[in-house]
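# Descriptive analysis of the structure
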Amino acid sequence: NALRRPGRLALSLGLLAAGGAMAMTAIQVERGWAANVAKVYATRRYDVEVVLNEPAPRAVGERLSRLPGLRGAELWGYAPAAFSRPGELDVSHVYPDRGHGSLFAMGIPPETGLVHFPLRAGRWLRPEDRGTDALVLNHAAARASGRQVGDPVTVSIGGRPTSWHVVGIVEEIGAAGVVYAADASFDAATGATAGGRLLRVTTGATTPAAQASAIQAIEGALGEAGASVQSVMPLAELRTAMGDHVLVLVRMLEAMAGILGLVGLLGLVSTLSVSVVERTRELAVMKTLGATPARLARLLLAEALAIAGLAYVAGVILSVPLTLLVDRIVGSLGFLAPLPLVLSPAAAGAWLALGAVGTVIATVIPARRAAALSIREGMGRT
């Protein structure tokens, strides 16, 4: 019976399939975003980042490592930077927060164990890179500069143009553009003595209260060493801030899915109701042959479930390319890289259950109308 009106069937299928695809896409995009945010912890072995107003001796980091309750600390070179191009003005940041759209240069010990970023190309820094022009770009910096492994690049660090050679590109989720050089190379390029402005600390705290206490101890030790603090960023705050960014988009997709699903169910109610009116004589003949009201209701329910089942299959298939598209757009905006495709069987199962319940509810009105139809009334209609 559903195939008697192909146009009507296509409309019901389209609305229900679009609603299902949108709902599954919302959940899968959220999980893809969460998978990227999880890389914040997976690629970092520190949990507190402290930026100092002025460079401090690297001995400060060693001193902090000996504080009770702290597992380790490293002091890195740190300075605003920009890619230099002939005839152009160097810009170190373009947003008031000095984070988004910015570029920073860091001088780190090549053997550091505090970060472990996945390689996209080339290699990471090595101890023998100290004193050389080896430079590693994170993926945001590589995209901004257009440089590849093996390319020369000129970076203005603290206003001083310096020449480097790109030896590697890494994926660094949750950071602005960053270029990494060996600590000795950074010091030579900036004319600084051994020291740094960026302190990364592993506290080992397992509760917010313990971490707050560790941060107070860090700030106290820095004050005693004569180092003033510009900012303190627990890694948990970075992860929370990144996770909250996608909630607005997910809620919007879920709202659109709800609207499309509701309209689809209303269309299904309308389709079945019109079908009952069109088949009045047929239903009356079936009653004369012994069909009970319950049998007619089951017949309509089977028809509705068949339509909903086809819409479900179409929605599952449609959700894959739709998720890929949204992952690419959202990932490029949020991380400058597509989100990983995460398919959720739970989302598909939840939409199947919701669709089945909604279909049963949508069938109640047409089924009651068919069951209440009398044989005399049905046979008297043309």
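Attention in this report is confined to the structure presented alongside it. (Residues numbered from 1 in each chain as written. Predicted model: local features only at pLDDT ≥ 70, side-chain atom pairs only at ≥ 80, totals over all residues. Heavy atoms only, no water.)

### Concerning a nonpolar patch on the surface
Applied cut-off: For patch building, the residue pool is restricted to those with more than 30% relative accessible area and no salt bridge; the joining distance is 9 Å between like charges and 5 Å between nonpolar side chains (Val, Leu, Ile, Met, Phe, Trp, Tyr). Areas reported as accessible are Shrake-Rupley estimates using a 1.4 Å probe. Residue values count occlusion only from the protein chains shown. Salt bridges are defined by distance alone: a side-chain nitrogen of Lys or Arg within 4 Å of a carboxyl oxygen of Asp or Glu. Comment: elements are numbered from the N terminus, with helices defined as DSSP H or I runs of at least four residues and strands as E runs of at least two.
Judged by side-chain polarity, Leu324, Leu341 and Leu343 come together as a nonpolar surface patch covering roughly 260 Å² of accessible area. Along the chain, the position of Leu324 falls in helix 10 (residues 293-334).

### Some details on the packing of aromatic side chains
Worth spelling out the cut-off: Note on aromatic pairs: the rings of Phe, Tyr and Trp (six-membered ring only in Trp) are paired at centre separations within 6.5 Å, and the planes decide the class, stacked below 30 degrees, edge-to-face beyond 60, tilted for the rest. The cut-offs for exposure are 20% and 50% of the maximum accessible area for each residue type, with area from a 1.4 Å probe on protein chains only; residues under the lower value are buried, those over the upper are exposed, and the others partly exposed.
Applying the stated rule across the entire model yields four aromatic pairs. Arranged with centres 6.1 Å apart and planes meeting at 40°, the rings of Phe117 and Tyr180 form a pair that is tilted. Here Phe117 is found in the loop between strand 3 (103-108) and strand 4 (119-122), whereas its partner Tyr180 is found in strand 8 (residues 177-182), with 63 residues between them in sequence. Neither residue differs from the other here; Phe117 and Tyr180 are each classed as buried. Feature note: the residues Phe117, Trp124 and Tyr180 constitute an aromatic cluster, connected by ring pairs.

### Overview of the pattern of salt bridges
Within the structure shown, the criterion is met by seven salt bridges. In this structure, Glu171 and Lys39 form a salt bridge, with 3.2 Å as the shortest nitrogen-oxygen distance. Of this pair, Glu171 sits in the loop between strand 7 (160-170) and strand 8 while Lys39 is found in helix 2 (residues 39-42), placing the two residues 132 residues apart along the sequence. On the basis of relative accessible area, Lys39 is assigned to the partly exposed category, the value being 25%. A salt bridge links Asp129 to Arg123; its shortest N-O distance comes to 2.8 Å. The exposure class of Asp129 is buried, given its relative accessible area of 5%. On the accessibility criterion, Arg123 (21% relative accessible area) is partly exposed. Among the charged side chains, a salt-bridge network with shared partners connects Lys39, Arg120 and Glu171.

### Things to note about helix 5 (residues 183-190)
The condition is simple: Contacts were defined at the residue level, with two residues in contact if any of their heavy atoms lie within 4.5 Å.
Along helix 5, six of the eight residues are buried, which leaves the element largely enclosed by surrounding structure. Those residues of helix 5 not exposed but buried are Asp183, Ser185, Phe186, Asp187, Ala189 and Thr190. Buried-residue contacts for helix 5 involve strand 2 (72-83), strand 3, strand 6 (152-157), strand 7, strand 8 and strand 9 (195-202). Phi turns positive one or two residues past the end of helix 5, at Gly191, with a value near 75°.

### Some details on the environment of Ala214
Inspection of the secondary structure puts Ala214 in helix 6 (residues 208-224). In this structure, the C-alpha to C-alpha distance between Ala214 and Thr203, residues 11 residues apart in sequence, is 6.6 Å. Non-local contacts of Ala214, meaning those with residues more than four positions away in its chain, are made with Leu70 and Thr203.

### With respect to the nonpolar core
Threshold: The definition of a nonpolar core used throughout is a set of buried Ala, Val, Leu, Ile, Met, Phe, Trp, Tyr and Cys residues joined through side-chain atoms within 4.5 Å.
In this structure, Trp76, Met106, Ile108, Trp124, Leu125, Val136 and Tyr180 are the most contacted members of the largest nonpolar core, which totals 22 residues. With near-sequence residues (within four places) excluded, Trp76 lies in contact with Met106, Gly107, Ile108, Pro109, Thr112, Leu114, Val115, Tyr180, Gly196, Arg197, Leu198 and Arg200. Counting residues in hydrophobic clusters, the runner-up holds 19 residues, among them Leu135, Ala141, Ile157 and Ile169.

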